[in-house]
Structures are given as structure tokens and as C-alpha cells.
Amino acid sequence: MVNFKWQLMDKQKKAVALKYNKGKDSAPKVVAKGKGYIAEKIIEAARENNVPLYEDKNLSQVLEALDLDTEIPSELYRAVAEVLAFIYKLNKTAAQ
């Protein structure tokens with residue numbers, strides 16, 4: 001089973017956290033989102049828990065519009081696949 005959790009952030013202190021459990025979820029879900037202080041707390045929690053951070057202003061703006069516990073729509077699969085590729089690469093590098 002592969003489990004992923006990651007944060008998307010942008011320079012304007014916005015953050016969105018996604019989570020994906022392979023075999024359980026059909027698509028990644030928005031599990032946290034916020035601006036300003038809340039975004040800082042989401043980013044802080046990610047760093048404290050070694051959750052990868054990925055910066056993409058456009059994607060974070062789109063994901064921020066989704067409700068919590070909502071799976072991402074199929075229109076965003078390609079963009080989120082880029083995030084997954086980034087995480088796979090990080091995990092592969094860390095394992096070596």
C-alpha cells in the first residue's frame with residue numbers, strides 16, 4: 001500500500017494539503033487548506049512531519065476552491081500527477 005500526503009503552497013501564504021491512500025482512495029483528497037496564519041500552520045506541520053512541500057501557485061488556487069475531504073476532479077489529475085512524480089523522485093533519492 002502506498003500512502004501520500006503533501007502540501008501545495010504559494011508565496012502569498014496559501015496552503016493546501018492533499019492525501020492519497022492507494023487501494024483505498026480513487027483520487028487524492030483535500031485534507032487541509034488555508035491562508036495566512038492557517039497556511040503557515042499547515043506548512044509548519046508538514047515540515048515537522050517530513051511531509052514534502054511542493055510550490056505551485058496556480059494549482060494551489062484551484063485546489064483551495066475545493067471543499068475539505070473532497071477528491072480532486074479528473075480535470076486536475078494531470079497537474080497532481082506532476083506532484084506525485086515529484087514525491088516519487090524525492091522518495092527514491094531518500095532511499096538511496
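In what follows, the accompanying structure is described.

Definitions and cut-offs
- Numbers given for residues are sequential positions, taken from 1 along each chain in its written order.
- Side-chain atom pairs in this predicted model are given and counted only at pLDDT of 80 or more, local residue features only at pLDDT of at least 70, and totals for whole chains, interfaces and linings cover all residues.
- Water and hydrogen atoms were dropped before computing side-chain values, which therefore reflect all heavy atoms in the structure.
- We count a stretch as a helix when DSSP gives it H or I for four or more residues in a row; a strand needs E for two or more, and each element gets its number in order from the N terminus.
- Each residue is placed in one exposure class: buried if its accessible area under a 1.4 Å probe, protein chains only, is under 20% of its type's maximum, exposed if it is over 50%, and partly exposed if it falls in between.
- The positive count covers Lys and Arg only, the negative count covers Asp and Glu only, and His and the chain ends enter neither.
- Here, a salt bridge means any side-chain nitrogen of Lys or Arg that lies within 4 Å of a carboxyl oxygen of Asp or Glu.
- Here, residues are in contact when the closest pair of their heavy atoms is within 4.5 Å.
- What makes a nonpolar core is a set of buried Ala, Val, Leu, Ile, Met, Phe, Trp, Tyr and Cys residues whose side-chain atoms join them at distances within 4.5 Å.

### Some points on the side chain of glutamate 64
Its place among the elements puts glutamate 64 in helix α2 (residues 57–64). Although glutamate 64 is buried, it makes no salt bridge; lysine 14 carries the closest opposite charge, 4.1 Å away. If sequence neighbours within four positions are ignored, glutamate 64 has contacts with Lys14, Val16, Lys33 and Lys35.

### Describing the nonpolar core
Across soluble globular proteins, nonpolar side chains show a tendency to be buried alongside one another. Core analysis: the largest hydrophobic core is formed by 13 residues, its most contacted members being Leu18, Leu63 and Ile72. If you list the elements that add at least two residues to this core, you get β2 (14–21), α2 and α3 (77–95). Top element by residues in this core is α3. It accounts for three residues. Counting five residues, the second largest nonpolar core, distinct from the first, contains Ala15, Ala17, Ala39 and Ile43.

### Notes on the pattern of salt bridges
All told, the structure shown has two salt bridges when counted by the stated rule. One salt bridge in this structure joins aspartate 25 and lysine 29, with 3.8 Å as the shortest N-O distance. According to the relative accessible area criterion, aspartate 25 is buried, its value standing at 11%. For glutamate 44, the salt bridge is made with lysine 41, and the minimal N-O distance between the two is 3.6 Å. Taken together, the residues span about one helical turn, with glutamate 44 and lysine 41 both in helix α1 (residues 37–48) at a distance of three residues. Under the relative-accessibility criterion, glutamate 44 is labelled partly exposed at 35%. Residue lysine 41 is classed as partly exposed on the basis of its relative accessible area, which comes to 36%.

### Considerations on the environment of lysine 57
Mapping lysine 57 onto the fold places it in helix α2. Lysine 57 sits in the partly exposed class, given a relative accessible area of 40%.

### Considerations on the side chain of aspartate 25
Its location among the elements puts aspartate 25 in the loop between β2 and β3 (29–35). Those residues in contact with aspartate 25, other than ones at most four positions away along the chain, are Lys19, Tyr20 and Glu71.

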